[in-house]
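Fold and geometry: a report
These are the residues of each chain, in order.
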Amino acid sequence: MKILFHTHYYLPETGPATKRISGLAENLKEDGHQVEILTGFPNYPSGIKPDGYKKRFIWKKK
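On a predicted model such as this, the values are computed, not experimentally measured, just so you know. (Residues numbered from 1 in each chain as written. Predicted model: local features only at pLDDT ≥ 70, side-chain atom pairs only at ≥ 80, totals over all residues. Heavy atoms only, no water.)

Section: unusual backbone geometry
Applied cut-off: Only DSSP runs of H or I covering at least 4 residues are called helices, and only runs of E covering at least 2 are called strands; the numbering of each starts at the N terminus.
In the segment running from L11 into P12, the intervening peptide bond is cis, with an omega of 10°. Structurally, P12 can be placed in the loop between β1 (2–6) and α1 (16–30).

Right, here's the structure in full:
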């Protein structure tokens, strides 16, 4: 099954929601599902993107 998570809360952000969603995504992948995550660039709590994400419109991890 193909699964798409659309969320504000994903790694490298911090907090319990991030851990729950990333854990669920990993478990689904281990069960054989194709999982993709659609999220914004990290900026919590400062509101500023880290240097590695600046000057990018999209970033795809393979």
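Having seen the structure, we can now continue with the description.
Describing α1
The line we're drawing: The span one expects for a helix is its residue count, reduced by one, times 1.5 Å. Using a 1.4 Å probe on the protein chains alone, a residue whose accessible area is under 20% of its type maximum counts as buried, one over 50% counts as exposed, and one in between counts as partly exposed. Within this analysis, the arc is defined by the directions that extend from the helix axis to the C-beta atoms.
The end-to-end C-alpha distance of α1, which contains 15 residues, comes to 21 Å, matching closely the 21 Å that a straight helix rising 1.5 Å per residue would cover. Within α1 the residues assigned to the buried category are T18, I21, S22, A25 and L28. Projected down its long axis, α1 carries its buried residues within an arc of 125°, all on one side. For α1, exposure combined with an orientation more than 90 degrees from the buried face picks out P16, K19, R20 and E30.

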